[in-house]
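# Architecture and fold: a report
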Amino acid sequence: MIPISWYLILGAALFLLGMLGFFLKRNIIALLLSVEIMLNAVNLTFVAFSSHNGQINGQIFVFFVLVVAAAEAAVGLALVIAMFRNRETLNVDRSNLLKW
Amino acid sequence: MIELLFVLFAAVALGSAINVLVQKHVLYSSLSLILLLTAISALFVLMQAEFLAVINVIVYAGAIMVLFVFVIMLLNLPADEDGVDRLRWLKLLGIPMVLFLLFMVVRTVWKVETDAPAPQLAGTAQAIGASLFTDYLLPFELTSLLILIALMGAVVFAKKDL
Amino acid sequence: MIEYLSSRDFLILFAKMITIFGGVMGALAYTTLLERRIMAFVQMRPGPNRVGPFGLLQPIADGLKFLFKEQTVPGTANVLLYYAAPIVSIIPALLSFSVIPFGPDLKIADINVSLLLIFAITSLGVYGIVLGGWASNSKYPLMGAMRSSAQMLSYELSLTLSVVGVLMIANTLSLTDLVKSQQGTWFGFIPKWNIILQPVAFIVYVLSGIAETNRLPFDLAESEQELVAGWHTEYSGMKFAMFFLAEYANMVTVSALATIMFLGGWNGPAFGPWWLQMALPTIWFVLKISGFLFVYMLVRATIPRIRYDQLMHFGWKVLLPLALANILVTSFFVAVL
């Protein structure tokens, strides 16, 4: 039997890696991928708690997180396509027209 | 034996997550993310949530990541060029800070006690379906609305001319 | 763990793995010969019949040919992904056979979500095509890969939805239990197969299965007249053989799933002495799969190819609403009766 703290630490490590990528990457698709890493870490933590407490609610919530991730990935990629069509680059530093 | 499996899948998950961040070309990052998703599905199976593990592969690795890979291939994106790296100090400072944050989490979590043996949970389709369609019916219907809105939004944003 | 490795259970499991894997690989090799002979007979010519009696050694000759061919790599190809694509294509194709029950005891793993596992594995097989087409760095493979993967994703929806009706009747996701729920007969002679209860779902499943495995009439993405050879244009030798085998393995998987869900799996009348009765379920199963493969090849030899926009229209606007309507009607009947 694996103690739950192992899963929680793994989830935290993955979440922090995703956060690191989100802060440090400049490519928009890489940012979206970092968000997906964070969502997966959260899924892992939910399922760990669900199996530790013997309740099914954690797994139901993972279901909803999956749906939201799908919707967000679809709309995010559509925005990426629109942005690429207009600016020819995916570097977020170059999309600074609103900057003073 | 099961600890060995956990260490193996956890190592694959951490390695592919680090690979997502390290690669310059975003296609290799997406392929590493697919590996991460299969490692997390394997960890779900270790926690007796096999229905969710298979759904994770079907939805996330089999559909969402295909969308990512499609967009990368259709836009024909080059590898990120090495320009002026204005974030270099931030990157050097960021890694120790993240490690410090991880250390704080480990210190909090390590003391969680498993005094009573866990009640057995069956992560089968029956258990999830029974709860999803009785207690959580309203969020379920709302997610269908959410997907419809996302569908319309994606089509509108990606059209060439409205 | 070391005790398990030398125990009797592990040896039996190992023997089952060797039997199933060996049988599947032999069947795949001879399916290629079967296809060429059937298409040849439809076209009123003999087909390969020179190598060995009735051409039975032809697959061995083909295998040797693939082994000795020159392995070319396009100059500007992405070498890592170019070599990885056939591997990513064949591993899911062969992995599906680990959960398919070939008989009451002849199965490698018995999971209680095995049907969904097979769908998950086939949805991972799309990556082999996408990576193969992109890594070749040339226009025909790229177009073929994009079209083929879009087609496979679209028909995966109607494939999984057409099966939901059967799942509502049988109340289980495990393949072994699906077969066991079709045992017995009504009125003594009509077998309790799901094809009688779900004819619409059967038709939707078969059509989606043919489109999912990129076979004629749905194979615009790899046709000779349109796209040289689609995503496997730049592949030669053993890498092409892996793509080829992966396609036939997918065909056999779809046929196996169709017999398990709609034609009763390994159920069949039992007769004869005890040693025949032990082998009879597997024989019935193999006969039913062979029937499906025969239909696959006849369809390939007979029906013309449909155009890509007609293909997408058919998948999204005809098969998907039909599968959803089937779920609606089945749920009504299951709730009332």
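Residues numbered from 1 in each chain as written. Chains lettered and ligands numbered in written order. Predicted model: local features only at pLDDT ≥ 70, side-chain atom pairs only at ≥ 80, totals over all residues.

## With respect to the overall build of chain A
- Per the secondary structure count, chain A includes three helices and zero strands.
- From first element to last, N terminus to C terminus, chain A shows the α and β order α-α-α.
- In terms of overall dimensions, chain A has a C-alpha envelope of 55 × 25 × 20 Å along the principal axes. (Helix = DSSP H or I, 4+ residues; strand = E, 2+ residues; numbered from the N terminus.)

## Re the overall build of chain C
- From N to C terminus, chain C includes 14 helices and two strands.
- Taken over the C-alpha trace, chain C has a radius of gyration of 21 Å; the compact-globule value for 337 residues is 20 Å, and the two agree within 12%.
- Overall size of chain C, expressed as C-alpha extent along the three principal axes, is 65 × 50 × 50 Å.
- Expressed as a percentage of its 337 residues, the buried residues of chain C come to 41%. (Rg over C-alpha atoms; globule rule 2.2 N^0.38 Å. Buried ≥ 20, exposed ≤ 12 C-beta atoms within 10 Å, placed from the backbone.)

## Side note on the packing of helix 1 (residues 4-24) of chain A against helix 1 (residues 2-22) of chain B
- Between helix 1 of chain A and helix 1 of chain B, the least distance of the axes is 9 Å, while the angle of their chain directions is 10°. One finds that helix 1 of chain A runs roughly parallel with respect to helix 1 of chain B. Contact residues: helix 1 of chain A offers A:Trp6, A:Leu10, A:Ala13, A:Leu14, A:Leu17, A:Leu20 and A:Gly21, while helix 1 of chain B offers B:Phe6, B:Ala10, B:Ala13, B:Leu14, B:Ala17, B:Ile18, B:Val20 and B:Leu21.
- Its residues assigned to classes, the contact of helix 1 of chain A with helix 1 of chain B shows 14 nonpolar, one polar and no charged. (Axes fitted to C-alpha atoms, helices over the stretch in contact; angles between N-to-C directions. Parallel < 35°, antiparallel > 145°, perpendicular 65-115°, else oblique. Contact = placed C-beta atoms within 7 Å. Nonpolar A, V, L, I, M, F, W, Y, C, P; charged D, E, K, R; others polar.)

## Points about unusual backbone geometry
- Even without being a glycine, B:Gln48 presents a positive backbone phi close to 60°.
- B:Gln48 sits in the partly exposed class, given 18 other C-beta atoms within 10 Å.
- One non-glycine residue with positive phi stands out, namely C:Met44, at about 60°.
- Among the structural elements, C:Met44 can be located in the loop between helix 2 (8-42) and helix 3 (58-68).
- C:Met44 sits in the exposed class, given 6 other C-beta atoms within 10 Å.

## Structural notes on the arrangement of the chains
- When the two pairs of chains in contact are compared, the highest contact count belongs to chains A and B.
- With respect to C-alpha atoms, chain A approaches chain C no nearer than 15 Å, and the pair has no contact.

## Some words on the environment of B:Leu146
- Relative to the helices and strands, B:Leu146 resides in helix 6 (residues 137-158).
- The exposure class assigned to B:Leu146 is partly exposed, which follows from the 17 C-beta atoms found within 10 Å.
- Discounting residues that sit within four places of it in the chain, B:Leu146 has contacts with A:Val67 and A:Ala71.

## Section: the interface of chain A and chain B
- With 54 residues of chain A in contact, the opposing surface of chain B contributes 66 residues.
- Of all the secondary-structure elements, those providing two or more residues to the side of chain A that touches chain B are helix 1, helix 2 (28-53) and helix 3 (57-87) of chain A.
- In terms of residues, the side of chain A that touches chain B owes the most to one element, helix 3 of chain A, which gives 20 residues.
- Across the side of chain A that touches chain B, the residue classes break down as 43 nonpolar, ten polar and one charged.

## So, helix 2 of chain A
Residue and element names in this part refer to chain A.
- The first and last C-alpha atoms of helix 2 sit 38 Å apart over 26 residues, in line with the 38 Å expected at 1.5 Å per residue.
- Within helix 2, 20 of the 26 residues are buried, which leaves it mostly tucked inside the rest of the structure.
- In the segment just after helix 2, glycine 54 is the residue with positive phi, at about 75°. (Expected span 1.5 Å × (residues − 1).)

## A closer look at the nonpolar core
- Core analysis: the biggest nonpolar cluster contains 152 residues, and A:Leu14, A:Ile29 and B:Val54 have the highest contact counts within it.
- Viewed by domain, this core spans two of them, domain 1 (1-78) and domain 2 (122-162) of chain B, each represented by three or more residues.
- The residues touching A:Ile29, leaving out its near neighbours within four places in the chain, are A:Val80, A:Leu90, B:Val26, B:Phe68 and B:Ile72. (Core = buried A, V, L, I, M, F, W, Y, C linked by C-beta atoms within 7 Å. Domains from an automatic or database assignment.)

## A few points about the interface of chain B and chain C
- Across the boundary between the two partners, chain B contributes 14 residues, which contact 16 residues of chain C.
- For the side of chain B that touches chain C, the element with the highest residue contribution is helix 3 (residues 50-75) of chain B, accounting for eleven residues.

## What about the environment of B:Leu33?
- On the secondary structure map, B:Leu33 appears in helix 2 (residues 26-46).
- Note: C-alpha distance between B:Leu33 and B:Ile18 (15 residues apart in sequence) is 9.8 Å.

## Some thoughts on the packing of helix 10 (residues 199-212) of chain C against helix 14 (residues 308-336) of chain C
Residues and elements named next belong to chain C.
- Their axes nearest at 10 Å, the elements helix 10 and helix 14 cross at an angle of 145°. Judged by the sense of rotation from one axis to the other, the crossing of helix 10 with helix 14 is left-handed. Facing helix 10, whose interface residues are Val200, Ala201, Val204, Leu207, Ser208 and Ala211, helix 14 presents Gly315, Leu319, Leu322, Ala323 and Asn326.
- Looking at the contact of helix 10 with helix 14, its residues break down into eight nonpolar, three polar and no charged. (Left-handed = near helix turned anticlockwise from the far one by under 90°.)

## As for the environment of A:Arg94
Residues and elements named next belong to chain A.
- As for its position among the elements, arginine 94 is in the segment after helix 3.
- Sequence separation of arginine 94 and isoleucine 9 is 85 residues, and the distance between their C-alpha atoms is 36 Å.
- Ignoring anything within four residues of it in the chain, the contact list for arginine 94 reads Arg87 and Thr89.

## Remarks on the confidence of the model for chain C
- Looking at chain C, the pLDDT average stands at 86 and 96% of residues meet or exceed 70.
- Among the scores for the predicted complex, ipTM is 0.92 and pTM is 0.91. (pLDDT = per-residue confidence, 0-100.)

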